Amino acid sequence: MKARLKELEANAISELESVTDIKSLDPWRVYYLGKNGSLTQILRSLKNLSPDERKSVGAQANKLKLLLQSELQRKKDFLKENELSRAFEKKDLDISLPGRAFPAGRTHPITQSLREICHIFSTMGFGVVEGPEVELDYYNFEALNIPPDHPARDMFDTLWLDSSVDGDSNPMLLRTHTSPMQIRIMENSPPPIRVIVPGKVYRYEASDATHESMFTQVEGLAVGEGITLANLKGTLFEFASRLFGAERKMRFRCDYFPFVEPGVEMSIECLACGGNGCKLCSNSGWLEILGAGMVHPDVLKRVGYDPQIYSGFAFGLGVERIPMLKYGVEDIRLFYENDTRFLKQF
Ligand code: DAH
């Protein structure tokens, strides 16, 4: 048996020596080390030997197995190396070719705008907080002066959730705006307050070029002693001039939102025509960018603030509209189709 092993070793090594290409290594491996290979057969027949013989032949056979395995690996490495240097010599392989670049990911245009907006407000002293997207009727409507029978509910096509916290008395919904965070923030902290709230909001509506059922808003809230509409105007004009350029004209006009009094809408001079009138601004020369106002005294009372002492302003802007206006994107749905040919332009 021992002699057979010796012979096997000599044959295997000399055959391996004569192999000159990687492909021919496999038949060698199968012949000697494979499931039915010569060495495997010897190992299997060990059980017929006497215990003493089994011990010494077994050790020798296992040693041989390890040897053949390591010789195989060595030969493989050697042949690989050889192939490579032959390729170099034949100039098949041009190692001076530049590597292929990996496609680089980039920040989504809405995230870019959101970051820019948050940055501007944080340099003006506003903190940034986020809130829940699943909201209670109370915060989304009731506490903002929009009781169940209020016609303003029609402005918000709401996605209601089946579940409710305590029966139907406090139904849940996907927030239709970021304004409910005004209430949550005031409930949890005393004035003075100066925060913005970026986040996703949802509306139950068919999407078209200017409407999506999910979009992004930034809410702003400042409450303290002696805050006036002039503070609101100063803050928002400063914000818009940083975002759109100081040369851009801006204006406030009356608008109505149940949770502010007075309420305003703010517009900037049309980015496409510079105020002369075009398709983008429906010939008005102006683009509306946000809603705002002075926090309604009833809202302040509801969170336990004394409206005789405190006043504040609030505003809410739609984020998608900003890159749409800036870059002339004509369809809001493009932002959420995940077509990288569109997204990588920003
Ligand atoms: N929440 C309003 C909307 O989604 C926008 C808004 C208007 C927010 C006036 C405000 C505000 O804070 O004062 O249409």
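Residues numbered from 1 in each chain as written. Predicted model: local features only at pLDDT ≥ 70, side-chain atom pairs only at ≥ 80, totals over all residues. Heavy atoms only, no water.

J.: Teacher, can you tell me more about the environment of Pro180 here?
T.: Topologically, Pro180 is positioned in helix α7 (residues 180-188). Owing to a relative accessible area of 0%, Pro180 belongs among the buried residues under this scheme. Separated by 113 residues in the primary sequence, Pro180 and Gly293 place their C-alpha atoms 15 Å from one another. (Helix = DSSP H or I, 4+ residues; strand = E, 2+ residues; numbered from the N terminus. Buried < 20%, exposed > 50% of the residue type's maximum accessible area, 1.4 Å probe, protein only.)

J.: Got a minute to help me understand the state of the cysteines in this structure?
T.: Disulfide: a covalent bond formed between the sulfur atoms of two cysteine residues. The tally for this structure, following the rule as stated, stands at zero disulfides. The cysteine Cys273 is free of any disulfide, with Cys270 supplying the nearest cysteine sulfur at 3.6 Å. (Disulfide = S-S within 2.5 Å.)

J.: Help me out: how do you make sense of the environment of Phe215 in this one?
T.: Residue position: Phe215 is located in strand β6 (residues 214-225). Those residues in contact with Phe215, other than ones at most four positions away along the chain, are Gly199, Lys200, Val201, Arg203 and Glu320. (Contact = heavy atoms within 4.5 Å.)

J.: Mind showing me how you'd approach the side chain of Asn140 here?
T.: Assignment of secondary structure puts Asn140 in helix α6 (residues 137-140). Not counting residues within four places of it along the chain, the set of residues in contact with Asn140 comprises Glu135, Leu173, Arg175, Thr176, His177 and Pro180.

J.: Looking at this structure, how should I read the environment of His177?
T.: Mapping His177 onto the fold places it in the loop between β4 (171-174) and α7. For the pair formed by His177 and Val218, sequence separation is 41 residues and the distance between their alpha carbons is 9.0 Å. Those residues within four positions of His177 in sequence are excluded, and the remaining contacts are Asn140, Leu144, Phe156, Val201, Arg203, Gln217 and Phe259. At a separation of 3.0 Å, a polar atom in the side chain of His177 contacts the main-chain carbonyl oxygen of Asn140. (Polar contact = N/O pair within 3.5 Å; in protein donor to acceptor, adjacent residues only side chain to side chain.)

J.: Which parts of the structure should I look at to understand a nonpolar patch on the surface?
T.: Residues Leu84, Phe88, Leu93 and Ile95 make up a contiguous nonpolar surface patch of about 380 Å² in total accessible area. Position of Leu93 relative to the elements: it lies in the loop between α4 (51-90) and α5 (109-123). When its relative accessible area of 39% is taken as the criterion, Leu93 is described as partly exposed. (Patch = residues over 30% accessible without salt bridge, like charges linked within 9 Å, V, L, I, M, F, W, Y side chains within 5 Å. Areas by Shrake-Rupley, 256 points an atom, 1.4 Å probe, with all protein chains shown as cover. Salt bridge = Lys/Arg side-chain N within 4 Å of Asp/Glu carboxyl O.)

J.: Help me out: how do you make sense of the domain arrangement of the protein in this one?
T.: The domain architecture assigned to the protein consists of domain 1 (2-89) and domain 2 (109-343). Relative placement of domain 1 and domain 2: their C-alpha centres are 75 Å apart. (Domains from an automatic or database assignment.)

J.: What am I meant to see in the side chain of Thr40 here?
T.: Counting through the fold element by element, Thr40 comes out in helix α3 (residues 38-45). Residues within four places of Thr40 in sequence aside, it is in contact with Tyr32, Leu33, Gly34 and Lys35.

J.: Would you mind showing me how to read the nonpolar core here?
T.: Buried together is how nonpolar side chains tend to be arranged in soluble globular proteins. In this structure, Ile117, Phe121, Leu236 and Phe315 are the most contacted members of the largest nonpolar core, which totals 45 residues. Among residues more than four places away in sequence, those in contact with Ile117 are Val218, Phe239, Leu243, Leu317, Val319 and Ile322. Counting residues in each nonpolar core, the second largest holds 28 residues, with Leu136, Ile146, Phe257 and Val260 among its members. (Core = buried A, V, L, I, M, F, W, Y, C linked by side-chain atoms within 4.5 Å.)

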